[in-house]
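One-letter residues, chain by chain:
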Amino acid sequence: MGAVSLLYSLIVYLGFLAAFLYLIAFVGGDMIPYLSAPKTVDAGAAAHGLPPALINIMLLLLFGLQHSIMARPGFKRGLAKVVPDAFERSTYVLATVAVLVLLYVFWTPMPAIIWSVTSPLWSAILTGIFYLGFGVVLLSTFLINHFELFGLTQGWAGRKGKPMAAPEFRTPSLYKVVRHPLYFGFILAFWATPLMTAGHLLFAAVWTVYIFVAIGYEERDLVGVFGEKYRDYMARTPAILPFGRRR
């Protein structure tokens, strides 16, 4: 069982890595000239006849529901009854990969132009912010524990037959500036584009709304785990932007 848990977590991690890298191409489109993705937020064929806005919203909601419901403590307790601890996080990551693949396959581009930046300077700045956003996302995962976040640590612990250590409250680097630098990075990446189409705007807007909804549920769970430590952290550190309201 130990070797199986490690192999499972490794396969799922590689699948997630591929899905995440494709997300950069999917959102970036023409901002990534060295990679011609078959489907992006603005380009590619659709294999269905439903209204584009409706199917795209349904796909984004599916991602939000999966990501939020499976992260709740109650769901985790139920999953633990049928899935060993070493498999739990990787199963969550695998479900995330599945809904991302559905998003990539069934997304319907909506090409109406909302804005188009023709200045080479401003186009380069927006493209740079796009890459910076995904860079912040990746860095944020490593600051907290990249391999635990995506299930590899749990798979290794299962291989060794050791229980996972209790969660430790830490606020390294970017987490001293904002509570959710990972979400901040996504917002930068999704909104920074020289060419904003109706489809890209819908994608960015719905995902941003989901982020703020998810923060509420996530922080409620974190208060449940860390208590006053996390409440104090909320009181002194902004959620997304490095200024403004703390809570």
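Residues numbered from 1 in each chain as written. Predicted model: local features only at pLDDT ≥ 70, side-chain atom pairs only at ≥ 80, totals over all residues. Heavy atoms only, no water.

K.L.:
Give a detailed account of the packing of helix H5 (residues 120–144) against helix H8 (residues 181–191), specifying residues and quantitative values.
P.N.:
Interaxial distance between H5 and H8 falls to 7 Å at its minimum, and their mutual angle equals 160 degrees. Classified by the angle their axes make, H5 and H8 are roughly antiparallel. Seen along the crossing, H5 lies across H8 with a hand that is left-handed. Taken together, the residues of H8 that come into contact with H5 (itself represented by Ile-129, Phe-130, Leu-132, Gly-133, Phe-134, Val-136, Val-137, Ser-140 and Thr-141) are Pro-181, Leu-182, Gly-185, Phe-186, Leu-188, Ala-189 and Phe-190. Tallied by class, residues from the contact of H5 with H8 come to 12 nonpolar, 4 polar and no charged. (Axes fitted to C-alpha atoms, helices over the stretch in contact; angles between N-to-C directions. Helix = DSSP H or I, 4+ residues; strand = E, 2+ residues; numbered from the N terminus. Parallel < 35°, antiparallel > 145°, perpendicular 65-115°, else oblique. Left-handed = near helix turned anticlockwise from the far one by under 90°. Contact = heavy atoms within 4.5 Å. Nonpolar A, V, L, I, M, F, W, Y, C, P; charged D, E, K, R; others polar.)

K.L.:
Residues and numbers for the pattern of salt bridges, please.
P.N.:
It is possible for side chains bearing opposite charge to pair when their charged atoms get close. Summed over the entire model, instances satisfying the criterion amount to 3 salt bridges. Here Asp-221 ties to Arg-72 by a salt bridge, and the two come within 2.5 Å at their closest N and O atoms. With Asp-221 in helix H9 (residues 198–226) and Arg-72 in the loop between helix H2 (52–69) and helix H3 (73–80), this residue pair connects regions lying 149 residues apart in the sequence. The residues Asp-221 and Arg-72 share a single accessibility class, namely buried. Close ionic contact of Arg-179 with Glu-219 constitutes a salt bridge, the shortest N to O distance being 2.6 Å. (Salt bridge = Lys/Arg side-chain N within 4 Å of Asp/Glu carboxyl O. Buried < 20%, exposed > 50% of the residue type's maximum accessible area, 1.4 Å probe, protein only.)

K.L.:
Mind laying out the packing of aromatic side chains, listing which residues take part and the relevant values?
P.N.:
Counted by the stated rule, this structure contains 26 aromatic pairs. Look at Phe-130 and Tyr-131: their rings are 5.2 Å apart centre to centre, the planes differ by 75 degrees, and that puts the pair in the edge-to-face class. Overall, the relative accessible area of 0% leaves Phe-130 in the buried class. Taking 6.2 Å as the distance between ring centres and 85 degrees as the angle between the ring planes, the aromatic pair formed by Phe-134 and Phe-186 counts as edge-to-face. Taken as a pair, Phe-134 in helix H5 and Phe-186 in helix H8 lie far apart in primary sequence, 52 residues in all. Assessed through its relative accessible area of 5%, Phe-134 is described here as buried. (Phe/Tyr/Trp six-rings, centres within 6.5 Å; stacked < 30°, edge-to-face > 60°.)

K.L.:
Outline the nonpolar core, listing residues and values.
P.N.:
If you look at the biggest cluster of nonpolar residues, it comprises 49 residues, and the most contacted ones within it are Phe-130, Phe-134, Phe-186, Phe-190, Phe-203 and Trp-207. When residues of this core are traced back to their parent elements, those giving at least two are helix H1 (2–28), H2, helix H4 (85–106), H5, H8 and H9. The leading source of residues in this core is H1, at 10 residues. Each residue touching Phe-130, except ones within four places of it in the same chain, is listed here: Ile-24, Val-27, Gly-28, Met-31, Ile-32, Ala-189 and Ala-192. One finds Leu-143, Tyr-230, Tyr-233 and Met-234 within the second-largest nonpolar core, a separate group that totals 7 residues. (Core = buried A, V, L, I, M, F, W, Y, C linked by side-chain atoms within 4.5 Å.)

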